[in-house]
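Chain residues, written in single-letter form:
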Amino acid sequence: MSFTKLALIEPILKALSAEGYTTPTPIQEQAIPILLERRDLLGCAQTGTGKTAAFAIPILQILEAEKGPERGPRPIKALILTPTRELAIQIGESFAAYGKYLNLRHTVIFGGVPQHSQTLALKAGVDIMIATPGRLLDLMNQRFVHLQHIELFVLDEADRMLDMGFIHDVKKVIAKLPAQRQSLFFSATMPPDVSKLADTILRKPVRVEVTPVSSTAEKVKQAVYFVDKTDKKRLLIHLLNDKAIESALVFARTKHGADKVAKDLLKAGIQAEAIHGNKSQNARQRALTNFKNRQTRVLVATDIAARGIDVDELSHVINYELPNVPETYVHRIGRTGRAGHDGIALSFCDAEEKEYLRDINKLITKSIPVVDNHPYPMETAAASSGTGQSSRTQSGNGANGSRGESAGSDFRGGSRRRFGRR
Ligand code: AMP
């Protein structure tokens, strides 16, 4: 299947080809025709599935067809609401890329920076606005933004919006939208509160679902290291001393933890930076750019800061600490193994985190293979063997073939060769 089958206009096809896209991803293949028919959409898809293009391309095509005057003020016709600044910026970049042969204007609105340049762009007139909820409400209250001409509304990463406590802001924005509109709702997971929100926004939506949790987990090669908390730092440095790890996104649970890990790595001579919500927008953006340009080899992030980090060919994700919510594990490892590339996810598990590991194994319906031969094994033999055991018994009848599997000792470089990564 190629993009030409999707009835897209020439300037968009040209832009996609310039981006190097040849084949639509499953969500694009399913969602684009539905959206061009002007139906509402409920998309169950996480970042990494190509969902941004799945909504950006039809929005551009629809607005191009009804294009107004070339110059002067124009009403905002499409609004994309997304939870983080990083996501907003990335969505803006996608609109710029896919719309580069069109004359539509878009702008990105987010908090944590002065509003002046944002209000200037709004005054000049934009067709498409990408915004985080807080700053959007601010600008609405100051009457810089009016939503009465919105024809297309996208709520992106709805589950994160709720997690991050934006529900009231989101509802306030929705209350200002015209009733007559096309709405798109994306969420990686659909717990009851999220689907309730979807019901209030969508009208007779078509539901499209891609990459369920288990398939993400299958794509990425995973291994777990049982290690005492006090040895995690040494184990991380030991692993990163292997140059086969070209770039790694390391997850820490807290902002303070992320800073500390980055400092430890720097002391050990490993290029690392931390990214989290306490840093200024500029510092975060800089860290991200350095990582994307491969100037920084290791980026240490908290979960919220890492949302939307989109680095092509990220080779490794390392869970320095395991998340207590198992879905978060799947979100994290989904940062690697993108678009058909192999990825590797390594996790450190200390005695206190064993129950998190059990929950993760249950969610992904397999036991993450254990690296049983590394320089910093858990002190207590009982702890180590006990965990190996519990991890293995999680695989139940072993139908997935991982029962008792050991990842061996050379998972880093060895795995790359074994799994045939480029
Ligand atoms: P997203 O899920 O929107 O964050 O997209 C994930 C990544 O896939 C981004 O780096 C996109 O540039 C890339 N991408 C999206 N659609 C395609 C496609 N059809 N072919 C190749 N890459 C794509």
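In the annotation of an unreviewed UniProt entry, the protein chain is listed under the name DEAD-box ATP-dependent RNA helicase RhpA and assigned to Larkinella humicola. Note on the protein chain: under the UniProt heading Sequence similarities (unreviewed entry), the record states "Belongs to the DEAD box helicase family." The annotation that UniProt attaches to the protein chain under Catalytic activity (unreviewed entry) is "ATP + H2O = ADP + phosphate + H(+)".

Draft legend 1. Looking closely at the environment of Ala 198. Here Ala 198 is to be found in helix 9 (residues 192–201). A relative accessible area of 3% means that Ala 198 is categorised as buried. C-alpha of Ala 198 to C-alpha of Leu 41: the two residues are 157 residues apart in sequence and 9.8 Å apart in space. Ignoring sequence-local partners within four residues, the contact set of Ala 198 consists of Leu 42 and Phe 185.

Draft legend 2. A look at the pattern of salt bridges. Scanning the model with the defined rule gives 15 salt bridges in all. The salt bridge partner of Asp 127 is Arg 74, with a shortest N-O separation of 2.6 Å. In this pair, Asp 127 sits in the loop between helix 5 (116–124) and strand 4 (128–131) while Arg 74 sits in the loop between helix 3 (51–65) and strand 2 (78–81), placing the two residues 53 residues apart along the sequence. Given the relative accessible area of 7%, Asp 127 is considered buried. Among the ionic pairs, Glu 246 bridges to Arg 294, the shortest N-O distance being 3.6 Å. With Glu 246 in the loop between helix 11 (232–240) and strand 9 (248–251) and Arg 294 in the loop between helix 13 (281–292) and strand 11 (298–301), the pair connects residues that are 48 residues apart, well separated along the chain.

Draft legend 3. Main features of the site of the ligand. For the ligand, the set of nearby residues contains 15 residues, the closest of which are Tyr 21, Gln 28, Gly 48, Gly 50 and Thr 52. Tyr 21 has a polar side-chain atom sitting 2.5 Å from an oxygen atom of the ligand. A distance of 2.7 Å separates a nitrogen atom of the ligand from a polar side-chain atom of Gln 28. In the complex, 81% of the free accessible area of the ligand, which totals 490 Å², lies under the protein chains. Of the residues that constitute the shell around the ligand, the class distribution is three nonpolar, eight polar and four charged. Residue assignment places the shell around the ligand across two domains, with domain 1 (3–209) and domain 2 (220–412) each supplying three or more.

Draft legend 4. Fine view of the packing of aromatic side chains. Under the definition given, this model contains five aromatic pairs. Summarising the aromatic geometry, the rings of Phe 55 and Phe 186 are spaced 5.5 Å apart at their centres and angled 45° between planes, so their arrangement reads as tilted. Taken together, the residues span a long stretch of sequence, with Phe 55 in helix 3 and Phe 186 in strand 6 (residues 182–187) at a distance of 131 residues. Residue classification places Phe 55 among the buried positions, given a relative accessible area of 0%.

Draft legend 5. Looking closely at unusual backbone geometry. Notably, Ala 7 is not glycine yet its phi reads approximately 55°, a positive angle. Mapped onto the fold, Ala 7 is located in the segment before helix 1 (10–19). The residue Thr 365 is not glycine, and still its phi comes out positive at about 50°.

Conventions we followed
Residues numbered from 1 in each chain as written. Predicted model: local features only at pLDDT ≥ 70, side-chain atom pairs only at ≥ 80, totals over all residues. Heavy atoms only, no water. UniProt positions renumbered as here; feature names shortened; annotations may be inferred. Helix = DSSP H or I, 4+ residues; strand = E, 2+ residues; numbered from the N terminus. Buried < 20%, exposed > 50% of the residue type's maximum accessible area, 1.4 Å probe, protein only. Contact = heavy atoms within 4.5 Å. Salt bridge = Lys/Arg side-chain N within 4 Å of Asp/Glu carboxyl O. Near = heavy atom within 4 Å. Polar contact = N/O pair within 3.5 Å; in protein donor to acceptor, adjacent residues only side chain to side chain. Areas by Shrake-Rupley, 256 points an atom, 1.4 Å probe, with all protein chains shown as cover. Nonpolar A, V, L, I, M, F, W, Y, C, P; charged D, E, K, R; others polar. Domains from an automatic or database assignment. Phe/Tyr/Trp six-rings, centres within 6.5 Å; stacked < 30°, edge-to-face > 60°.

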